[in-house]
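# Descriptive structure summary
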Amino acid sequence: MSTQAGSAAPAEALGPGPAPGEAPAIRARGLTKLFKVGAFSHGASVHAVEDFSIDLYHRQVVALVGESGSGKSTVARLLAQTLPATAGAIELNGQPVRVRSGRQLRVYCHDVQMIFQDPFASLNSIHTVRYILGRSVAIHHPGLSRAGRTGQIEALLDKVKLTPPGRFIDKFPHELSGGQRQRIAIARTLAASPHVLLADEPISMLDVSMRLGILNLLADLRDELGLAVLYITHDVASARYFADQTMVMYAGRIVERGASEVVTQQPAHPYTQLLVASAPDPDHLADAAVGARGEPPSLIDPPPGCRFHPRCPLANELCRTQSPPLAEVGPGHEAACWAHSGQPGAPTMADRRRFPAVAPAGHRADPAGSEGGQR
């Protein structure tokens, strides 16, 4: 699928990335979350997230990509500390943090904010924009006069490109479009002056014509405010367009990570190859008829070994019995697949059976086609 002129650019063109020696804005190591199932489940648990690690830097966007149920939103809630982790540790600006009370959560939220998927549900429909943003300003900037709060609200509306502010400040959410509501939700997070934004599928509930505008707004805010952004999505094309780095998640585990351009154009893990090949492309419609079959595994009783092996065209006995570690397949590019390990008895990419063709080098998914709109 060709890229429309002026509508898309490679992710590396969107931001400078971290400076040499810079500490991450937020770092996680070994995050794991198990959910107990029922009162009489005899110890059964949902293995929602296992051994998740990330370094997220200022002025950087990292995309977390995967299908529904892979654990992406659970990761966001663990990093936001609205869910307690079963295991693992989080550092904020180089300092270990663990939220144990409402007061500690409020302090943490000064630095880490979430943008939710559904702007229709995340804004209280009985309050005006003035009240919604004013409440956030009052929480994070106590002591301001009424005039001072109004000035802050207008400045927030300017930041999210809702101008003139007087046109929006006294409107109710039902009087706004979906894109305008999401901009209000973004403005509410900015009231805390955060260092980290956790964007949980922020465009999936919006009209196609609105999506690219929201991504470009987030890119502008990253550059202007030095924000670190975790962008959660199931759309590979938008990850390539918007993110500097991409991490691919399957059944609670990271299976591939690296520069977005490399991960989306030269995917190394069979699951990532499936994701890229399944992106709508009128030039490769026949490829959609072949490839991995089946459904994601049960996370209550996950399969042994590689969790993708029941669907993988490369799987052999090693894949069915041992879980592959993340292994380097190129500079800054890692994949959790035995086919890249060089270990005796491991499969190789030459063992590939019928599987959707991966887009050749130079083939570029079109975020304007899947995300729509112009900047």
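### Notes on the nonpolar core
Taken as a class, soluble globular proteins show a tendency for nonpolar side chains to be buried jointly. Among the nonpolar cores identified, the biggest contains 63 residues, and L157, I184, I186, F242 and Y271 are the most heavily contacted of them. Judged by nonpolar contacts, the second largest core, of 29 residues, contains V49, I90, V112 and A228.

### Section: the confidence of the model for the protein chain
Here the protein chain averages 85 in pLDDT, and 83% of its residues register 70 or above. Taken together, the stretch residues 354–366 has pLDDT below 50 and engages in 44 contacts with residues farther than four places along the chain or on a different chain. In this model, residues 368–375 is a region of pLDDT below 50 whose contacts with residues beyond four sequence positions or in other chains number 29 contacts.

### Description of the pattern of salt bridges
Within the structure shown, the criterion is met by 14 salt bridges. Across the pair R222 and D223 runs a salt bridge whose closest N-O atoms are separated by 2.9 Å. With relative accessibility at 0%, the residue R222 sits in the buried group. Owing to a relative accessible area of 41%, D223 belongs among the partly exposed residues under this scheme. We note a salt bridge from D244 to R222, for which the minimum N-O separation is 3.6 Å. Taken as a pair, D244 in the loop between α8 (236–242) and β9 (245–250) and R222 in helix α7 (residues 211–225) lie far apart in primary sequence, 22 residues in all. Under the relative-accessibility criterion, D244 is labelled buried at 13%. Residues joined in a network through salt bridges with shared partners are R27, R29, D55 and E91.

### Considerations on the sheet that holds strand β1 (residues 26–36)
Two orientations exist for strands paired in a sheet by backbone hydrogen bonds: parallel and antiparallel. Overall, antiparallel pairing links the four strands, which are arranged β2-β1-β4-β5 in an open sheet. Unpaired on one side and paired on the other, β2 (45–56) and β5 (95–97) mark the two borders of the sheet. Taking the axes of each pair of neighbouring strands and ignoring which way they run, one obtains an average angle of 30° across the sheet. When strand β4 (residues 87–92) meets β5, the two strands line up antiparallel, connected through three bridges.

### Examining helix α5 (residues 146–159)
For α5, spanning 14 residues, the distance from its first C-alpha to its last is 20 Å, which sits close to the expected 20 Å at 1.5 Å a residue. Within α5 the residues assigned to the buried category are I153, L156 and L157. Looking straight down α5, one finds that the buried residues subtend no more than 100° of arc, so they occupy a single side. Residues of α5 that are buried make contact with α4 (129–140) and α6 (178–190).

What counts and how
Residues numbered from 1 in each chain as written. Predicted model: local features only at pLDDT ≥ 70, side-chain atom pairs only at ≥ 80, totals over all residues. Heavy atoms only, no water. Core = buried A, V, L, I, M, F, W, Y, C linked by side-chain atoms within 4.5 Å. Buried < 20%, exposed > 50% of the residue type's maximum accessible area, 1.4 Å probe, protein only. pLDDT = per-residue confidence, 0-100. Contact = heavy atoms within 4.5 Å. Salt bridge = Lys/Arg side-chain N within 4 Å of Asp/Glu carboxyl O. Helix = DSSP H or I, 4+ residues; strand = E, 2+ residues; numbered from the N terminus. Pairing = 2+ DSSP bridges. Axes fitted to C-alpha atoms, helices over the stretch in contact; angles between N-to-C directions. Expected span 1.5 Å × (residues − 1). Arc of directions from axis to C-beta.

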